[in-house]
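The chain contents come next:
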Amino acid sequence: MSKGSINVSVENIFPLIKKFLYSDHEIFLRELVSNATDATLKLKHLCNIGEAKVEYGQPMIEVKIDRDNSTLHIIDQGLGMTSEEVEKYINQVAFSGAEEFINQHQDADGIIGHFGLGFYSAFMVADKVEIITKSFKDDAAVHWTCDGSPEFTLEPSDKTSRGTEIILHIAEDSKEFLDEYKIRELLLKYNKFMPIPIKFGTRKETLPLPEGAAEDAKAEEIEVDDIINNPTPAWTKMPADLTDEDYTAFYRELYPMQFDEPLFHIHLNVDYPFNLTGILFFPKLGNNINIDKDKIQLYQNQVFVTDEVKGIVPDFLMLLRGVIDSPDIPLNVSRSYLQADGAVKKISAHITKKVADKMASLMNQNRADFEQKWNDIKVVIEYGMVSEDKFFEKSDKFALYPTVDGKYFTWAELTEKIKDQQTNKDGKVVVLYTSDVDGQDQYIEIAKEKGYEVILLDSPIASHLIQKLEQSKENVTFVRVDADHINNLIEKDEVKISKLSDEAKTQLTTAITETIDNKSYTIQLEDLSASDAPFIITESEFMRRMKDMQQTGGASMFGGNFPEMFNVVVNSNSDLASEILATESKEEKEALIKQALDLAKLSKGLLKGKELTNFINRSFKNIK
Ligand code: ADP
Ligand code: MG
């Protein structure tokens, strides 16, 4: 037996490791299983190139709890280590990595892998660690023990099989890691798709009855290894080898609690200028932008790293689900470090491009299908358009603008369709839109009577999208159908005929203003045709849009809250206007105005509570 002191200048590094290194103690298991996997894959490689003349077989990794001895075992059949290798890789390399870490990052919130500290993460949960290992090179097996001080012992072992066993003597404050459920949960979280089978205990399997078995025959039950992981998840395969069903099955594997079917998948496969594979799914989103559950998972060589992908994928793609696997993403590093990382930035730009290209090709391949799914994917696409310029540039190929009549236009088609009819007298193309087909029906009908197209923009970020389109496209302006009377929304050089004198108009305005007696409402007289509605309520596009944007966390140029402001558009050529003027009794005049105003409010969805009750009671009385 030999004794030695681990090559380290920091007096006792273990308390430091425990305290600073990892915010999440549980990742020790991921690190040790990763090492076991690496050791197995290295052996496979050596066998393939003929450098290891041993039977590779079908190695697996076993994780075992020994409650009686309070130990946790991670056992592999990989290449193992000779005593020189233990000396070199465990005693020296690992600790030079530790020193480097401690020197550079006194206060960092967890950097691992990078510095070769993976193995030592075991000391976060164990107060003694043993390594029993036998190299494939047919050397004698060795047994390394370290109790958390820089001293270790190294002695011969009688281990006969190739590979490494790591034994953790779990510390008093980490007893949870002796719990079977806890370990199973961790293995499923971090190792569910690792490339070497991982055994954790056994499970019962019922054998199928042999053919022609008697009616009352009992199926035989056998104990089989419980393999935690799927070593060949879909993203590691070639797209050509996968069917749609395979992708859906993988989606279920990733999100067992998710019952909907994904709408599309995007298989990412890049090897230059960085390595990246993955599969992204578009779930059915509707107008739902809750991104807290079932997020995209980030892997590094099939090892789960995190599902906090902010900064790695662009924000808009956080609405998607799926996996991204890249060896170029540093494992378990701090957020700020990740975001500044050049490779990560490139990855983000690349994924954005891939998603845009895929959308364009889906639209080309089957436009009808794409249109049908539009409502469920539009939030992602619109969010991408407002937040990523590169995505916006490409979006003309696949962004759709649905009309209230169920047609879907691309931007080019839309502007082509409306440019003759819906051009203002100052030369701007006016896109009329609604955010609520039912709530704005009257206004939509008025616009349609004029032969105009009304498009439906009802996503939570529509106001931002509109802003973006107005800024980027030339000579175009968006107005919601209820932003003003249609004649003002699309102004044409038309001669207006006034039935009322200026004096009569002033009287009318005064009478209405006095009756309404509400500062939020402005009276706006218009010379419309007699058949136009006598009263309608409109809401300025600008004010309303600012309010919407503020609500969805956008521009707040003015700070504070936007007040609700409405215009009452009164058709001064209507019969009702004349009748209001002609009515002598002040009470009757007010009653007419009130009823007309309430009808207008009703149409805009503004009549509520007491006002609505009064209106209904009054209306019943009128019909008797
Ligand atoms: P890294 O995995 O980043 O190299 P670790 O601290 O996790 O750093 O491991 C240090 C080294 O110890 C590994 O590079 C490897 O040479 C050796 N090692 C650790 N675990 C095993 C194992 N199960 N089998 C063989 N070698 C191992
Ligand atoms: Mg490691």
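Residues numbered from 1 in each chain as written. Chains lettered and ligands numbered in written order. Predicted model: local features only at pLDDT ≥ 70, side-chain atom pairs only at ≥ 80, totals over all residues. Heavy atoms only, no water.

> What's the story with the overall build of the protein chain in this structure? I'm lost.
Assigned secondary structure in the protein chain consists of 18 helices and 22 strands. In the protein chain, which comprises 624 residues, the proportion classed as buried is 50%. Of all intrachain contacts in the protein chain linking residues separated by at least 6 positions in sequence, the fraction that spans at least 24 positions is 70%. (Helix = DSSP H or I, 4+ residues; strand = E, 2+ residues; numbered from the N terminus. Buried < 20%, exposed > 50% of the residue type's maximum accessible area, 1.4 Å probe, protein only. Contact = heavy atoms within 4.5 Å.)

> Any chance you could explain helix H10 (residues 411-418) here in plain terms?
Spacing of three or four residues puts side chains on the same side of an α-helix, whose turn is 3.6 residues. Those residues of H10 lying buried are Trp 411, Leu 414, Thr 415 and Ile 418. Looking straight down H10, one finds its buried side chains confined to an arc of 90°; they lie on one side. (Arc of directions from axis to C-beta.)

> How do you make sense of the side chain of Lys 547 when you look at a structure like this?
Tracing the sequence through the fold places Lys 547 in helix H15 (residues 541-551). When its relative accessible area of 13% is taken as the criterion, Lys 547 is described as buried. In this view, Lys 547 contacts Glu 539, Phe 562 and Glu 564; residues no more than four positions away in its chain are not counted.

> What is the right way to look at the nonpolar core in this model?
Within soluble globular proteins, side chains that are nonpolar generally end up buried alongside one another. Counting residues in each nonpolar core, the largest one holds 64 residues, and the members touching the most others are Trp 144 and Leu 168. Per-element tally for this core: the top contributor is helix H2 (residues 27-48), with ten residues. Looking at this core, you find at least three residues from each of domain 1 (2-201) and domain 2 (234-365). If you look at the next biggest cluster of nonpolar residues, it comprises 58 residues, including Leu 280, Leu 319, Val 380 and Ala 462. (Core = buried A, V, L, I, M, F, W, Y, C linked by side-chain atoms within 4.5 Å. Domains from an automatic or database assignment.)

> What should I look at first to understand a negative patch on the surface in this one?
A cluster of acidic residues, Asp 436, Asp 438, Asp 441, Glu 445 and Glu 449, forms a negative patch at the surface. Here Asp 436 shows up in the loop between strand E17 (429-434) and helix H11 (441-449). Look at Asp 436 and you get partly exposed, because its relative accessible area is 37%. (Patch = residues over 30% accessible without salt bridge, like charges linked within 9 Å, V, L, I, M, F, W, Y side chains within 5 Å. Areas by Shrake-Rupley, 256 points an atom, 1.4 Å probe, with all protein chains shown as cover. Salt bridge = Lys/Arg side-chain N within 4 Å of Asp/Glu carboxyl O. Lys, Arg positive; Asp, Glu negative; His and termini not counted. Charge placed at Lys NZ, Arg CZ, Asp CG, Glu CD.)

> Would you mind showing me how to read unusual backbone geometry here?
Working note: non-glycine residues mostly have negative phi, and peptide bonds are mostly trans. We note that Ser 70 has phi near 55°; this positive angle belongs to a residue other than glycine. Within the secondary structure layout, Ser 70 lies in the loop between strand E2 (61-66) and strand E3 (71-76).

> What is the right way to read the pairing of strand E6 (residues 151-156) from this model?
Successive side chains on a regular strand alternate, one facing one side of the sheet and the next facing the other. As defined by bridge partners, strand E5 (residues 142-146) adjoins E6 across five bridges and the pair is classed as antiparallel. The residue of E6 that forms the bridge with His 143 is Glu 155. Counted between consecutive antiparallel strands, the loop separating E5 from E6 contains four residues, among which Gly 148 sits at a positive phi close to 100°. (Pairing = 2+ DSSP bridges.)

> Mind showing me how you'd approach the pairing of E5 here?
The buried fraction of E5 is high, at five of five residues. Here E5 shows a buried face lined by Val 142, Trp 144 and Cys 146 and a second buried face lined by His 143 and Thr 145. The sheet contact formed by strand E4 (residues 126-134) and E5 spans five bridges and is antiparallel. Across the sheet, the residue bridging to Ile 131 is Trp 144, located in E5.

> Can you help me understand the pattern of salt bridges in this one?
Side chains carrying opposite charge are able to pair once their charged atoms draw close together. For the coordinates displayed, the defined rule picks out 44 salt bridges. In this structure, Glu 85 engages Lys 137 in a salt bridge whose closest nitrogen and oxygen atoms are separated by 2.7 Å. Here Glu 85 is found in helix H3 (residues 83-104), whereas its partner Lys 137 is found in the loop between E4 and E5, with 52 residues between them in sequence. Judged by its relative accessible area of 15%, Glu 85 is buried. The salt bridge involving Lys 547 is made with Glu 539; its shortest N-O contact spans 3.4 Å. A single network of salt bridges, built from pairs that share partners, joins Arg 480, Asp 482, Glu 539, Lys 547, Glu 564 and Lys 604.

> Please clarify how the sheet that holds strand E10 (residues 264-270) should be interpreted in this entry.
Strand-to-strand pairing in sheets goes through backbone hydrogen bonds, with the strands running parallel or antiparallel. Across the sheet, five strands lie side by side as E10-E11-E14-E12-E13; this open sheet has mixed pairing. Of all the strands in the sheet, the pair left with one neighbour each is E10 and strand E13 (303-306). Pairwise comparison of adjacent strand axes, ignoring direction, gives a mean angle of 20° for this sheet. In this sheet, E13 lies alongside strand E12 (residues 297-300) in antiparallel orientation, the contact comprising three bridges. Counterpart to Leu 298 in the pairing with E13 is Thr 306. (Axes fitted to C-alpha atoms, helices over the stretch in contact; angles between N-to-C directions.)

> I'm lost on the packing of helix H12 (residues 462-472) against H15 in this one. Help?
The description of two helices packed together rests on the angle between their axes and the distance between the axes. Taken N-terminus to C-terminus, the directions of H12 and H15 make an angle of 120°; their axes are 9 Å apart at the nearest point. What the angle tells us is that H12 and H15 run oblique. Mapping the contact onto sequence places Ser 463, His 464, Ile 466, Gln 467 and Glu 470 in H12 and Arg 545, Met 546, Asp 548 and Met 549 in H15. Taken together, the residues of the contact of H12 with H15 sort by class into three nonpolar, three polar and three charged. (Parallel < 35°, antiparallel > 145°, perpendicular 65-115°, else oblique. Nonpolar A, V, L, I, M, F, W, Y, C, P; charged D, E, K, R; others polar.)

> I'm lost on the side chain of Thr 415 in this one. Help?
In this fold, Thr 415 is placed in helix H10. Within the local environment of Thr 415, its side chain forms a polar contact with the backbone oxygen of Ala 412, the two atoms lying 3.2 Å apart. (Polar contact = N/O pair within 3.5 Å; in protein donor to acceptor, adjacent residues only side chain to side chain.)

> Just to check I follow, could you spell out a nonpolar patch on the surface for this structure?
A grouping of Ile 616, Phe 620 and Ile 623 is seen on the molecular surface, where their side chains present a nonpolar patch of about 330 Å² in accessible area. Among the residues examined, Ile 623 registers a relative accessible area of 64% and is labelled exposed.

> Would you mind going over the packing of helix H7 (residues 342-365) against helix H8 (residues 367-387) with me for this structure?
It is at 8 Å that the axes of H7 and H8 come closest, and there the two elements cross at 155°. One way to sum up the angle between H7 and H8 is to call them roughly antiparallel. Here Met 359, Leu 362, Met 363 and Gln 365 of H7 lie close against H8, whose contacting residues are Arg 367, Phe 370, Ile 377 and Ile 381. Along the lines of polarity and charge, the residues of the contact of H7 with H8 split into six nonpolar, one polar and one charged.

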